[in-house]
Amino acid sequence: MSDPAELASTIADETSEVLIGMDTVVEQLTISLLTRGHVLLEGVPGVAKTTLANAFARASGLTFNRIQMTPDILPADITGASIYRERTGEFEIRKGPIFDNVVVADEINRATPKTQSALLEAMAENHVSIEGETLALPQPFLVIATQNPIELEGTFELPEAQRDRFQQKITVDLPDEDTERTMLKRFGGSPATGPDTVEQAVSPAEIVAAREAVTEINVEEAVHDYILALVAATRDHADTAHGASPRGSLALLRTAKARAAIQDRDYVLNDDVKELVKPVLRHRLVLTTDAGLSDVTPADVITDILSSVVPPEGQVTDHPF
């Protein structure tokens, strides 16, 4: 199954019994998986952030591990350590939980900056060093770091440079009444229904093949122009002290290509870019002090930019050929 559209549909179908009303979030996770990105997942307690990651990993045929981030957790608790075995008289490498395909760093802002940096370095380098020995991380590799936006006491906010390492910031909102009613009916009599009931639907080899297919998606120059115009607008906006970096531009291009592939197209539309601007760029913006005092949010800035930036002449809204 090297077809990204078929792979995404298969994962969505397998997780839909457990993840109700999360079709868009599952698609966004699939996009990051297909483009070697990592995700910052934000939502209040009880919206199934960890269940989402676990079910997604199971459907994708990937190993899963969860790290509960706390102030006393050390970098070695994540990456691993060299342990002396008295029986053999030798040191032995004990790999940490980072050596799984899908790793959830639960409440990442509760870990100290030193521990956050160890995790983010592993994300960037795709390997860790333990006592001078470099060990490659498994592929595919996806870090999903969660944040709770309402309990900030005793937390360590991710610095701007660290947030920029996440490809997307995905928000998990409270469900609407109809979705929550469906949850009550489906899970009210079956409390055991959870990610453990999700079956493997695709294999890691199929994910790797689908990744290669994404790289072949065609991108017209007009789409490049639109991405550059949007990113430039984040830097020039009156409410931003710092806009998106070139890393943000590349992330927007790569995710747009993956979305096109998932939509069963071999070319990118401006609409693909529009759909991904908020999750890809909102965590990269640093607002001015005045904007913060006026309760302006990065999402507000991006909404304003989308309404003011007109796609360049020759915009791609349909098949470019």
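Residues numbered from 1 in each chain as written. Predicted model: local features only at pLDDT ≥ 70, side-chain atom pairs only at ≥ 80, totals over all residues. Heavy atoms only, no water.

**Structural notes on the overall build of the chain**
Thought 1: Within the chain, the regular secondary structure consists of 13 helices and eleven strands.
Thought 2: Relative to the compact-globule value of 20 Å for 321 residues, the chain shows a C-alpha radius of gyration of 20 Å, a close match.
Thought 3: With the C-alpha coordinates aligned to their principal axes, the bounding extent of the chain is approximately 70 × 45 × 40 Å.
Thought 4: Every one of the 321 residues in the chain was classed for burial, and the buried ones make up 47%.
Thought 5: Here the analysis covers contacts within the chain between residues at least 6 apart in sequence; of these, 79% occur between residues at least 24 apart.
Thought 6: Of the roughly 15400 Å² that the chain leaves accessible, carbon and sulfur atoms contribute 47%. (Helix = DSSP H or I, 4+ residues; strand = E, 2+ residues; numbered from the N terminus. Rg over C-alpha atoms; globule rule 2.2 N^0.38 Å. Buried < 20%, exposed > 50% of the residue type's maximum accessible area, 1.4 Å probe, protein only. Contact = heavy atoms within 4.5 Å. Areas by Shrake-Rupley, 256 points an atom, 1.4 Å probe, with all protein chains shown as cover.)

**Let's talk about the pattern of salt bridges**
Thought 1: For the structure on display, the rule yields 13 salt bridges.
Thought 2: Where Arg36 meets Glu212, a salt bridge forms, and the shortest distance between an N and an O atom there is 3.8 Å. One end of the pair, Arg36, is in the loop between helix 2 (23-34) and strand 1 (39-42); the other, Glu212, is in helix 8 (residues 204-215), and 176 residues separate them in sequence.
Thought 3: According to the relative accessible area criterion, Glu212 is partly exposed, its value standing at 43%.
Thought 4: Residues participating in the shared-partner salt-bridge network are Asp164, Arg247 and Arg284. (Salt bridge = Lys/Arg side-chain N within 4 Å of Asp/Glu carboxyl O.)

**Comments concerning the pairing of strand 4 (residues 90-95)**
It is a general feature of regular strands that their side chains alternate between the two faces of the sheet.
Thought 1: Burial runs low along strand 4: only zero of the six residues are buried.
Thought 2: Pairing between strand 3 (residues 80-85) and strand 4: six bridges, direction antiparallel. Considered in strand 4, the bridge of Tyr84 is made with Phe91.
Thought 3: The turn joining strand 3 and strand 4, which pair antiparallel and follow one another in sequence, is formed by four residues; a positive phi near 75 degrees is taken by Gly89. (Pairing = 2+ DSSP bridges.)

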